[in-house]
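Take a look at the letters that make up each chain.
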Amino acid sequence: MAKLLGEAPARLSRPSISHVIFDMDGLLLDTEKFYTEVQEIILARYDKTFDWSLKAKMMGKKAIEAAHVFVEESGISESLSPQQFLQEREAMLQKLFPTSQLMPGAAALVRHLGANGIPICVATGSQRSHFELKTQRHGDVFSLMNHIVLGDDPEVKQGKPSPDVFLAAAGRFEGGGPADRRSILVFEDAPSGVTAAKNAGMSVVMVPDPRLDSSFHQMADQVVESLLDFDPAEWGLPPFCKD
Ligand SMILES: O=P(O)(O)OC[C@H](O)CO
Ligand SMILES: [Mg+2]
């Protein structure tokens, strides 16, 4: 099976990458499954099914923005407000988040780029309280980041697909980051995140969940099945050492 799922037509003009920004949920950490699980439980109470077309519209967004999508798109806004939805899922999420695991290939890629002096950071829609719970067992990886920009950062006025979180992340690299934003490579799993990175003028590798409709792959510059399949050398980044 091909590990490279897609390639944008502009492959030959691919820029050389100097800086890397990682998304967190569903990209570095396997936390998207927790959101799916609790949202399935909540919708089941209304005799409704949580499916991947709704998931695609929610993932990557700030909590309150995703909550509006959830109650409106599922047709339960008369019974449950976005705020009530967030309160209800919070208790379940707080139990699940500390069990978060790294996605395949995440630790190796972060360590490789860090060891080779590539400036790296995280840009997530996740709020600080959730970030702390999700990363409590993964300080060794997250401590390698130059900085981490969270969804409740004052500079992030709007969540993804707004470019705010990626522009804030770029601006916090030494010297304000590279002038040519295309030389920043963003790793993302969510449609809203890929759009946000493109809105910020950056290059994007998408690592989508296989259940996500492939029409969402189109905006990404490259689509891979797993971080294990990413080849840094294709982007002018230091190559992995061959054993
Ligand atoms: O994918 P992230 O890291 O931007 O997180 C967004 C939400 O917390 C979950 O969809
Ligand atoms: Mg994500």
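It should be noted that the structure appears before, not after, this text.
Structural notes, computed from the coordinates. (Residues numbered from 1 in each chain as written. Chains lettered and ligands numbered in written order. Predicted model: local features only at pLDDT ≥ 70, side-chain atom pairs only at ≥ 80, totals over all residues. Heavy atoms only, no water.)

## Digging into the site of ligand 1
Reasoning step 1: Close to ligand 1 lie 13 residues; Asp25, Glu32, Thr124, Gly125 and Lys160 are nearest.
Reasoning step 2: For ligand 1, an oxygen atom lies 2.8 Å from a polar atom in the side chain of Asp23.
Reasoning step 3: Here an oxygen atom of ligand 1 and a side-chain polar atom of Asp25 are 2.7 Å apart.
Reasoning step 4: When ligand 1 is considered free in solution it has 300 Å² of accessible area, and contact with the protein chains removes 95% of it.
Reasoning step 5: A molecule is said to occupy a pocket when more than half its atoms come within 2 Å of that pocket's grid points, and by this definition ligand 1 occupies the largest cavity.
Reasoning step 6: Within the shell around ligand 1, the residues separate by chemical class into 3 nonpolar, 4 polar and 6 charged.
Reasoning step 7: Per-domain counts for the shell around ligand 1 show at least three residues from each of domain 1 (4–30 + 100–231) and domain 2 (32–98). (Near = heavy atom within 4 Å. Polar contact = N/O pair within 3.5 Å; in protein donor to acceptor, adjacent residues only side chain to side chain. Areas by Shrake-Rupley, 256 points an atom, 1.4 Å probe, with all protein chains shown as cover. 1 Å grid on protein atoms, 1.4 Å probe; cavity = no way out; pocket = protein on both sides within 12 Å on 5 of 7 lines; lining within 4 Å. Sits in = over half its atoms within 2 Å of the grid points. Nonpolar A, V, L, I, M, F, W, Y, C, P; charged D, E, K, R; others polar. Domains from an automatic or database assignment.)

## Thoughts on the side chain of Asp25
Reasoning step 1: Tracing the backbone through its elements, the reader meets Asp25 in the loop between β2 (19–22) and α1 (32–44).
Reasoning step 2: According to the relative accessible area criterion, Asp25 is buried, its value standing at 7%.
Reasoning step 3: When sequence neighbours within four positions are dropped, the list of residues in contact with Asp25 reads Thr31, Glu32, Tyr35, Thr124, Ser126, Lys134 and Asp189. (Helix = DSSP H or I, 4+ residues; strand = E, 2+ residues; numbered from the N terminus. Buried < 20%, exposed > 50% of the residue type's maximum accessible area, 1.4 Å probe, protein only. Contact = heavy atoms within 4.5 Å.)

## Focus: empty space enclosed by the protein
Reasoning step 1: This structure, assessed with the given rule, holds 1 cavity of 30 Å³ or more.
Reasoning step 2: As a volume, the largest cavity reaches approximately 230 Å³.
Reasoning step 3: Lining the largest cavity we find 20 residues, and of these Asp25, Glu32, Tyr35, Gly60 and Lys61 sit closest to its centre.
Reasoning step 4: When contributions to the lining of the largest cavity are tallied by element, the ones reaching two or more residues are α1, α2 (52–58) and α3 (63–73).
Reasoning step 5: Residue contributions to the lining of the largest cavity peak at 3 residues, all from α1.
Reasoning step 6: Residues belonging to the lining of the largest cavity are distributed by class as follows: 5 nonpolar, 7 polar and 8 charged. (Points joined across faces, edges and corners; volume = space filled by probe spheres on them.)

## Section: the pattern of salt bridges
Reasoning step 1: Applying the stated rule across the entire model yields 15 salt bridges.
Reasoning step 2: Here Asp221 makes a salt bridge to Lys198, at a shortest N to O gap of 2.8 Å. Within this pair, whereas Asp221 is found in the loop between β6 (203–206) and β7 (222–224), its partner Lys198 is found in helix α9 (residues 191–199), the two being separated by 23 residues in sequence.
Reasoning step 3: Overall, Asp221 belongs to the buried group, its relative accessible area being 18%.
Reasoning step 4: Classification of Lys198 as partly exposed rests on a relative accessible area of 27%.
Reasoning step 5: Linking Arg211 and Asp209 is a salt bridge whose minimum nitrogen-to-oxygen distance equals 2.8 Å.
Reasoning step 6: Here Asp209 falls in the partly exposed class, since its relative accessible area comes to 22%. (Salt bridge = Lys/Arg side-chain N within 4 Å of Asp/Glu carboxyl O.)

## With respect to the coordination of the magnesium ion (ligand 2)
Each pair of donors in an ideal octahedron of six around a metal sits at 90 or 180 degrees, and each pair in an ideal tetrahedron of four sits at 109.5 degrees.
Reasoning step 1: Taken together, Asp23 (OD), Asp25 (O) and Asp189 (OD) make up the protein donors of the magnesium ion (ligand 2), found 2.0 to 2.2 Å from the metal.
Reasoning step 2: Site description for the magnesium ion (ligand 2): donor spacing in sequence, D-x1-D-x163-D. Taken together, the residues Asp25 in the loop between β2 and α1 and Asp189 in the loop between β5 (184–188) and α9 connect sequence positions 164 residues apart.
Reasoning step 3: Take Asp189: its relative accessible area is 3%, and that puts it in the buried class. (Donors = N, O, S within 2.8 Å, 3.2 Å for Na, K, Ca; no water.)

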